[in-house]
Amino acid sequence: MMSELSIQENVSLAPLTTFKIGGPARHFVSVKTEPELHEALEVSRKNSWPIFILAGGSNLIVSDKGFDGLVINLELGTGDWGLDDNQLTASASLSMRDLVNASIDNGLSGLAWAGGLPGSFGGAIRGNAGCFGSEMKDIVTTVTSINTKTGAKVTRNNADCQFEYRGSYYKYHPEIITLATIQLHPGDKAELRRIADEHIQYRLARQPLEFPNAGSIFKNVPLEQVPKIHLPLFADAIKDDPFPIVPTAKILAVAGLKGMRVGDAQLSEKHSNYIVNLGQAKSSDIVALIDKIKAEIKTRYQIDLEVEPQLVGF
Ligand SMILES: Cc1cc2nc3c(=O)[nH]c(=O)nc-3n(C[C@H](O)[C@H](O)[C@H](O)COP(=O)(O)OP(=O)(O)OC[C@H]3O[C@@H](n4cnc5c(N)ncnc54)[C@H](O)[C@@H]3O)c2cc1C
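Parameters at a glance
- Residues numbered from 1 in each chain as written.
- Predicted model: local features only at pLDDT ≥ 70, side-chain atom pairs only at ≥ 80, totals over all residues.
- Heavy atoms only, no water.
- Helix = DSSP H or I, 4+ residues; strand = E, 2+ residues; numbered from the N terminus.
- Rg over C-alpha atoms; globule rule 2.2 N^0.38 Å.
- Buried < 20%, exposed > 50% of the residue type's maximum accessible area, 1.4 Å probe, protein only.
- Contact = heavy atoms within 4.5 Å.
- Areas by Shrake-Rupley, 256 points an atom, 1.4 Å probe, with all protein chains shown as cover.
- Lys, Arg positive; Asp, Glu negative; His and termini not counted.
- Charge placed at Lys NZ, Arg CZ, Asp CG, Glu CD.
- Axes fitted to C-alpha atoms, helices over the stretch in contact; angles between N-to-C directions.
- Parallel < 35°, antiparallel > 145°, perpendicular 65-115°, else oblique.
- Nonpolar A, V, L, I, M, F, W, Y, C, P; charged D, E, K, R; others polar.
- Domains from an automatic or database assignment.
- Buried area = accessible area lost by both parts, 1.4 Å probe.
- Pairing = 2+ DSSP bridges.
- Salt bridge = Lys/Arg side-chain N within 4 Å of Asp/Glu carboxyl O.
- Near = heavy atom within 4 Å.
- Polar contact = N/O pair within 3.5 Å; in protein donor to acceptor, adjacent residues only side chain to side chain.
- 1 Å grid on protein atoms, 1.4 Å probe; cavity = no way out; pocket = protein on both sides within 12 Å on 5 of 7 lines; lining within 4 Å.
- Points joined across faces, edges and corners; volume = space filled by probe spheres on them.

Caption draft 1: Geometry of the overall build of the protein chain. Looking only at helices and strands, the protein chain has seven helices and 22 strands in total. For the protein chain, the C-alpha radius of gyration of 20 Å lies close to 20 Å, the compact-globule estimate for 314 residues. Dimensions along the principal axes, computed over C-alpha positions, put the protein chain at roughly 65 × 50 × 35 Å. A burial count over the protein chain gives 50% of its 314 residues as buried. Considering only residue pairs separated by 6 or more positions, the protein chain has 63% of its internal contacts joining residues 24 or more positions apart. When the accessible surface of the protein chain is summed, it comes to about 14300 Å², and 51% of that surface belongs to carbon and sulfur atoms. If the 31 positive side-chain charges of the protein chain are averaged to one point and the 36 negative ones to another, these points end up 6 Å apart.

Caption draft 2: Spatial organisation of the packing of helix α2 (residues 96–105) against helix α4 (residues 189–206). Where α2 contacts α4, the two axes come as close as 9 Å, and the packing angle between them is 155°. Overall, the two elements α2 and α4 adopt an arrangement that is roughly antiparallel. Here V100, N101, I104 and D105 of α2 lie close against α4, whose contacting residues are K189, L192, R193 and A196. Taken together, the residues of the contact of α2 with α4 sort by class into four nonpolar, one polar and three charged.

Caption draft 3: View of α2. Buried residues of α2: M96, L99, V100, A102, S103 and I104, and no others. At its buried positions, α2 is contacted by β6 (81–84), β7 (87–91), β8 (108–109), α3 (121–126) and α4. The positive-phi residue at the C-terminal boundary of α2 is G107, with phi of around 65°.

Caption draft 4: Quick look at the domain arrangement of the protein chain. According to the domain assignment, the protein chain contains domain 1 (8–74), domain 2 (81–191) and domain 3 (210–312). Once you take the C-alpha centre of each, domain 1 and domain 2 turn out to be 22 Å apart. Facing the eleven residues of domain 1 at the interface are 14 residues of domain 2. Sorting the residues of domain 1 by area buried against domain 2 places E34, R45 and L74 first, and these three jointly supply 39% of that buried surface.

Caption draft 5: Structural context of the pairing of strand β3 (residues 51–54). Side chains F52 and L54 project from β3 onto a buried face, and the interleaved I51 and I53 project onto a face without burial. Sheet topology places β3 next to strand β5 (residues 67–74); four bridges connect them, and they run parallel. Counted as the bridge partner of I51 is L70 from β5.

Caption draft 6: Broad picture of the pattern of salt bridges. Counting across every chain of the model gives 17 salt bridges. With its nearest N and O atoms 3.3 Å apart, the salt bridge here joins D197 to R193. Here D197 pairs with R193, and both are found in helix α4, just four residues apart, close to one helical turn. We classify R193 as partly exposed; its relative accessible area is 27%. Here K219 ties to E306 by a salt bridge, and the two come within 2.9 Å at their closest N and O atoms. One end of the pair, K219, is in the loop between β15 (213–216) and β16 (221–222); the other, E306, is in the loop between α7 (283–301) and β22 (310–312), with 87 residues separating them in the sequence.

Caption draft 7: Fine view of the site of the ligand. Surveying the vicinity of the ligand reveals 34 residues, the closest of which are I53, G57, S58, S120 and G130. In the model, an oxygen atom of the ligand is placed 2.6 Å from a nitrogen or oxygen of the I53 main chain. In this structure, a nitrogen atom belonging to the ligand sits 2.9 Å away from a main-chain N or O atom of I177. Within the complex, 94% of the 980 Å² of free accessible area of the ligand lies under protein. Broken down by secondary-structure element, the contributors of at least two residues to the shell around the ligand are β3, α3, β9 (130–131), β13 (175–183) and β15. A class-by-class count of the residues in the shell around the ligand yields 17 nonpolar, 13 polar and four charged.

Caption draft 8: Up close: the layout of surface pockets. The computed volume of the second largest pocket comes to approximately 190 Å³. Here the residues of the lining of the second largest pocket sort into seven nonpolar, six polar and two charged. In this structure, the lining of the second largest pocket is formed jointly by two domains, domain 1 (8–74) and domain 2 (81–191), each of which donates at least three residues.

Okay, structure coming up:
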């Protein structure tokens, strides 16, 4: 028998995003279980409401108008995980922080690189999150998802997930990741804890975590997309992560754009690829600042910057 899902109207999305910005969801529902998710999808189909899946909210720019449809919130931290022969299977709504800790507590290596990575397990898989030389694609073995239009459940292996730089199959298809398995290996608990803590400390020192933000605002730039004539400007920052790139933070710092501001949206002084919300920023300020930065970098270096967070309701 179906439970009564509580569908709310005009729910502000700002508090559910790490940017603390964005208008209301016309309809909103929070789900903790797979049956609740199926039920929410059925409601959306019955009413022909467009849907948006919100998990950790750490990679979103939600428009000031909000989202004119049903936002399904996969409640962060809900669900379950289990171990079988060094393979960790977990619900998509669990936080990366909990899974990093679970892997370390069980003396398993493979996830310590993600120490300090915000958001959910499913969000990390969908965006092939990565840092410190590793990405989700290196450890994922299978992913189970639900098609939002038909409700059908599919399990894909790593190759079929079509992982790419900050993307996967799930970025382009109407499917919600519900469960996934990652391959880990026996490791030394103390050493894994040290690595994860080092990454957390690195983030605290280098990233403007004292202000609301959505992580890197632009993707890094593949080396071949930087005109040769400008390469010497950035040569000392080129790195191989996850392929030869010029860090966008370097390009924006060399261009002298740190501190650039529109309203309360500011290109961080601390990390030049982070836009921070100084307090009252609107998403229109964020987007105007993004446009100004893109235009400046295109004019100066003929480089096209690509926004990393997902735009919602634009
Ligand atoms: C301070 C900070 C540091 C960050 N550092 C990094 C970093 O080092 N590396 C990195 O890659 N990212 C980084 N990010 C970005 C962000 O943490 C990741 O992209 C994260 O994986 C997003 O997960 P989420 O649960 O918050 O997704 P959300 O922001 O809730 O959603 C992002 C997108 O994923 C979709 N989505 C979410 N869950 C599912 C699901 N279960 N099934 C299908 N689609 C889904 C949403 O619909 C949306 O389109 C950082 C962000 C912040 C704020």
